[in-house]
2 protein chains.
Amino acid sequence: MNIILLHENDFLDSDTVILTDHRKDHIIDVLKAKKNDSLVCGLVNDNIGKGVISNIDSAGIELKVSLDLTPPPPLPLTLILALPRPKMLKRIIESAATLGVKQIYLINSWRVEKSFWQSPVLNNNNLEKILISGLEQAKDTVMPQIFIKKLFTPFVKNELPEISKNSLCITAHPKTNNPCPYSIDQQTSLAIGPEGGFIDLEIETLEQAGFKTVSLGKRILRTETAVPVIISRLFSNYFNL
Amino acid sequence: MNIILLHENDFLDSDTVILTDHRKDHIIDVLKAKKNDSLVCGLVNDNIGKGVISNIDSAGIELKVSLDLTPPPPLPLTLILALPRPKMLKRIIESAATLGVKQIYLINSWRVEKSFWQSPVLNNNNLEKILISGLEQAKDTVMPQIFIKKLFTPFVKNELPEISKNSLCITAHPKTNNPCPYSIDQQTSLAIGPEGGFIDLEIETLEQAGFKTVSLGKRILRTETAVPVIISRLFSNYFNL
């Protein structure tokens, strides 16, 4: 937790915040902060800044906050992921949030096991916790949006062209010789298949929707490795700021 | 498992292999392979190629193998990691192996919790299993080497200069404005700190050993995300092959 994320309802008045939940515990147990210490804070979907501890005891922490800095810029990326297995989903979403992805579509695909759709990880509450954890790592405040699309063909044919309009559209796919672009400065829509990859028919459907297949070379990467590798490659300028 | 990794003692003669362990189960249960099917195979630390199933039953699988292709080239990288917490260590080592890292040093640092050194993950057998799993993902055969160094200062002062000789030496560290280089084609030694980062004295010691601090921007990444992000950034040409 590199930033204490605040919500509107944490505020007593315009600059006073009371924390009584796990954030209080984190400040006391992990940060070992004391009265008058200054902590990095941010308001969800708003500015970041600092909070000075004006009162602290085991019941709660009072902070005087001033939030006058903008959060780090988002990545110009829409991520379209064939639903990964639940354990991986958690890690992938968290790291995508940390990296600055703000739109994530979780879609079906032939090789997505049906049981994955039953996972409690997909509950809104759980997804929000994972996203918050990713933002806390990155010192970001802007909540990513996650959209769940359980039918591949209607989504790719009817919705994806509008979602990906005016963006560079690519599908990461080991079975091609087109190299993945790098150091671009362009709105991008990136589709990544399930373990075992998209099937040929799905690749065709994506191509008809404007998505060009690109490869990362001979090594086949797990989705959790491929996501940071591709993001870093596409947006190398971004990780200089 | 995108390649069946073979060991010398799997061979009955120069081109015949018998599998009776978890690889047999994987071929039957996951790949659902039948007699005369051809599978991607590789000999550890040697060539890759194919194995054709000449006999298959629940007791074992016999393959006729021909291994005439070289494995994917290694990354020109030595990774020096402050020992991560065990759960993360497993994932980081596996993804480093998949990405083609062949030398990994696990070192101590002020912010490494002492208990991490007691983890069973660090046993040679367990490390080898993790590395094999990373290679199986990448269709690679060349086993990475892992070196364990429990004393920071003697290692950095006395051993690291020789290990990193004639290479680009960098420490990934959020508290600097030097941008991390990208698209290089050079032997590189990369040091990455623990959760919370290296302390100032450690950064100084690394600088005296020739390691320049570089940053990936405002977002602070977990080690498991930072490793693929930095590797992809440094070796973007490599992920085109």
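Residues numbered from 1 in each chain as written. Chains lettered and ligands numbered in written order. Predicted model: local features only at pLDDT ≥ 70, side-chain atom pairs only at ≥ 80, totals over all residues.

Some remarks on the relation of the copies chain A and chain B
Inference 1: Rotating chain A by 180° and translating it 0.0 Å along the rotation axis places it on chain B, where the RMSD comes to 0.0 Å. In the structure described here, the two chain copies are related by an operation that fits a two-fold rotation axis.
Inference 2: A share of 100% of the interface residues of chain A reappears at the interface of chain B, consistent with the copies meeting face to face through the same patch. (Least-squares fit on C-alpha atoms with pLDDT ≥ 70 in both. Contact = placed C-beta atoms within 7 Å.)

A look at the packing of helix H2 (residues 86-99) of chain A against helix H6 (residues 223-234) of chain A
Packed helices, taken two at a time, are described by the angle their axes make and the gap between the axes.
Residues and elements named next belong to chain A.
Inference 1: It is at 9 Å that the axes of H2 and H6 come closest, and there the two elements cross at 15°. For the element pair H2 / H6, the angle class is roughly parallel. Read as a crossing pair, H2 and H6 show a hand that is right-handed. The segment H2 lies against H6, with Met88, Arg91, Ile92, Ser95, Ala96 and Leu99 engaging Thr223, Glu224, Val227, Pro228 and Ile231.
Inference 2: Of the residues contributing to the contact of H2 with H6, the split by class is 7 nonpolar, 2 polar and 2 charged. (Axes fitted to C-alpha atoms, helices over the stretch in contact; angles between N-to-C directions. Helix = DSSP H or I, 4+ residues; strand = E, 2+ residues; numbered from the N terminus. Parallel < 35°, antiparallel > 145°, perpendicular 65-115°, else oblique. Left-handed = near helix turned anticlockwise from the far one by under 90°. Nonpolar A, V, L, I, M, F, W, Y, C, P; charged D, E, K, R; others polar.)

Focus on the environment of A:Asn47
All names here are of chain A.
Inference 1: Assignment of secondary structure puts Asn47 in the loop between strand S4 (38-43) and strand S5 (48-57).
Inference 2: Using a count of 15 C-beta atoms within 10 Å as the deciding quantity, one classes Asn47 as partly exposed.
Inference 3: Separated by 23 residues in the primary sequence, Asn47 and Thr70 have C-alpha atoms spaced 4.9 Å apart. (Buried ≥ 20, exposed ≤ 12 C-beta atoms within 10 Å, placed from the backbone.)

Some remarks on the domain arrangement of chain A
Residue and element names in this part refer to chain A.
Inference 1: When its domains are assigned, chain A resolves into domain 1 (4-69) and domain 2 (77-240).
Inference 2: Taken over C-alpha atoms, the centre of domain 1 sits 33 Å from the centre of domain 2.
Inference 3: Counting residues at the interface gives 8 residues for domain 1, matched by 7 residues for domain 2.
Inference 4: Residue composition of the side of domain 1 that touches domain 2, grouped by class: 5 nonpolar, 2 polar and 1 charged. (Domains from an automatic or database assignment.)

What about unusual backbone geometry?
Inference 1: Backbone geometry at A:Asn36 places phi at a positive 80°, although glycine is not the residue there.
Inference 2: Take A:Asn36: it is sitting in the loop between helix H1 (22-30) and S4.
Inference 3: Even without a glycine there, the phi angle at B:Asn45 is positive, about 60°.

Focus on helix H3 (residues 124-138) of chain A
Residues and elements named next belong to chain A.
Inference 1: Compared with the 21 Å implied by 1.5 Å per residue over 15 residues, the 21 Å span of H3 between its first and last C-alpha is a close match.
Inference 2: Burial in H3 covers these residues: Ile130, Leu131, Gly134, Leu135, Glu136, Gln137 and Ala138.
Inference 3: Against the buried residues of H3 lie strand S1 (4-6) and H2.
Inference 4: Looking one or two residues past H3, Lys139 carries a phi angle of roughly 55°, positive in sign. (Expected span 1.5 Å × (residues − 1).)

As for the packing of helix H4 (residues 152-163) of chain A against helix H5 (residues 200-208) of chain A
Residue and element names in this part refer to chain A.
Inference 1: At a minimum axis distance of 9 Å, the contact between H4 and H5 shows a crossing angle of 15°. By the criterion of interaxial angle, the relationship of H4 to H5 is roughly parallel. The two elements H4 and H5 meet at a crossing, and its hand is left-handed. In this structure, H4 contributes Phe152, Thr153, Val156 and Lys157 to the contact, and H5 contributes Glu202, Thr205 and Leu206.
Inference 2: When grouped by side-chain class, the residues that make up the contact of H4 with H5 number 3 nonpolar, 2 polar and 2 charged.

Focus on the confidence of the model for chain A
Inference 1: Taken residue by residue, chain A gives an average pLDDT of 96. The fraction at 70 or more is 100%.
Inference 2: This prediction of the complex comes with two scores: 0.95 for pTM and 0.94 for ipTM. (pLDDT = per-residue confidence, 0-100.)

Considerations on the interface of chain A and chain B
Inference 1: In this assembly, 28 residues from chain A lie in contact with 29 residues from chain B.
Inference 2: Of all the secondary structure elements, the ones that give two or more residues to the side of chain A that touches chain B are H2, H3 and H6 of chain A.

Section: the sheet that holds strand S4 (residues 38-43) of chain B
All names here are of chain B.
Inference 1: Strand order in this open sheet of 6 strands is S1-S4-S5-S6-S3-S2, and the pairing throughout is mixed. Of all the strands in the sheet, just strand S1 (4-6) and strand S2 (11-13) have a single pairing partner and so form its edges. Here the average twist between neighbouring strands, direction ignored, is 40°.
Inference 2: Bridging between strand S3 (residues 16-19) and strand S6 (residues 60-69) involves 4 bridges; their strand directions are antiparallel. (Pairing = 2+ DSSP bridges.)

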